[in-house]
Amino acid sequence: MHHPLLDFDISGVEFQYYFICPTQLWLFSHNIIKSNEDENVRIGKKLHEIGYKREKREKQLARSKFDIVKISNTYTIYERKKGKILNSHVNQLKFYLFILSLATNSETTGVLIAPSKRIVVRLGDSDKIFIENAINEIRRIKSLSSPPPIVRKTICKKCGYRHFCFSGNYDK
């Protein structure tokens, strides 16, 4: 059975950005490219290129790509992160589990893998409501004619979009 939410235009990256910074979400969704000179952007691209070379099984569903999907009695999505695991990473994986469960009508489980930690993520009923509400808010932000107001956070210093928000003057 096809679910209408599978037709939406939200990617896993956009879902994660929503929880990090609505301005970052808006810039990304309007095809404003991050600075390629940013070290974090370069590291992320390199990790994606070399990660899972031996067992690469990237799958795409709607506008989201899962790093690895193993299929047994349930679907398990493995998502690798370069640093510590943040709430935005957990939410992104729950989003992937949500759309995979809609598409397959099967039980789904996720595993977040970071250098120092590995956690199992499951999708509960309250998570599904939380995700549907976030999807509606993401759609609203993406439809804005200009970015939402900038909120300075410590993460801004490492953001590939900081030059759009602060014209390179964040450290001053």
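Residues numbered from 1 in each chain as written. Predicted model: local features only at pLDDT ≥ 70, side-chain atom pairs only at ≥ 80, totals over all residues. Heavy atoms only, no water.

(A) Representation of the pattern of salt bridges. Applying the stated rule across the entire model yields six salt bridges. Among the ionic pairs, Asp9 bridges to Lys142, the shortest N-O distance being 4.0 Å. Residue Asp9 is found in the segment before helix H1 (12-20), and its partner Lys142 is found in helix H5 (residues 125-143); the two are separated by 133 residues along the sequence. Asp9 sits in the partly exposed class, given a relative accessible area of 41%. Lys128 serves as the salt-bridge partner of Asp125, at 4.0 Å between the closest nitrogen and oxygen. Of this pair, Asp125 and Lys128 both sit in helix H5, separated by three residues, roughly a single helical turn. Taken together, the shared-partner salt bridges in this structure form one network comprising Asp9, Glu14 and Lys142. (Salt bridge = Lys/Arg side-chain N within 4 Å of Asp/Glu carboxyl O. Helix = DSSP H or I, 4+ residues; strand = E, 2+ residues; numbered from the N terminus. Buried < 20%, exposed > 50% of the residue type's maximum accessible area, 1.4 Å probe, protein only.)

(B) Representation of the packing of H1 against helix H2 (residues 22-29) in the model. Two elements in contact, H1 and H2, have axes whose closest approach is 6 Å; the angle formed by their N-to-C orientations is 150°. Looking at the two axes, H1 sits roughly antiparallel to H2. Every residue of H2 that contacts H1 at Val13, Glu14, Tyr17, Tyr18 and Ile20 is listed here: Pro22, Gln24, Leu25, Phe28 and Ser29. Looking at the contact of H1 with H2 residue by residue, the class counts come to seven nonpolar, two polar and one charged. (Axes fitted to C-alpha atoms, helices over the stretch in contact; angles between N-to-C directions. Parallel < 35°, antiparallel > 145°, perpendicular 65-115°, else oblique. Contact = heavy atoms within 4.5 Å. Nonpolar A, V, L, I, M, F, W, Y, C, P; charged D, E, K, R; others polar.)

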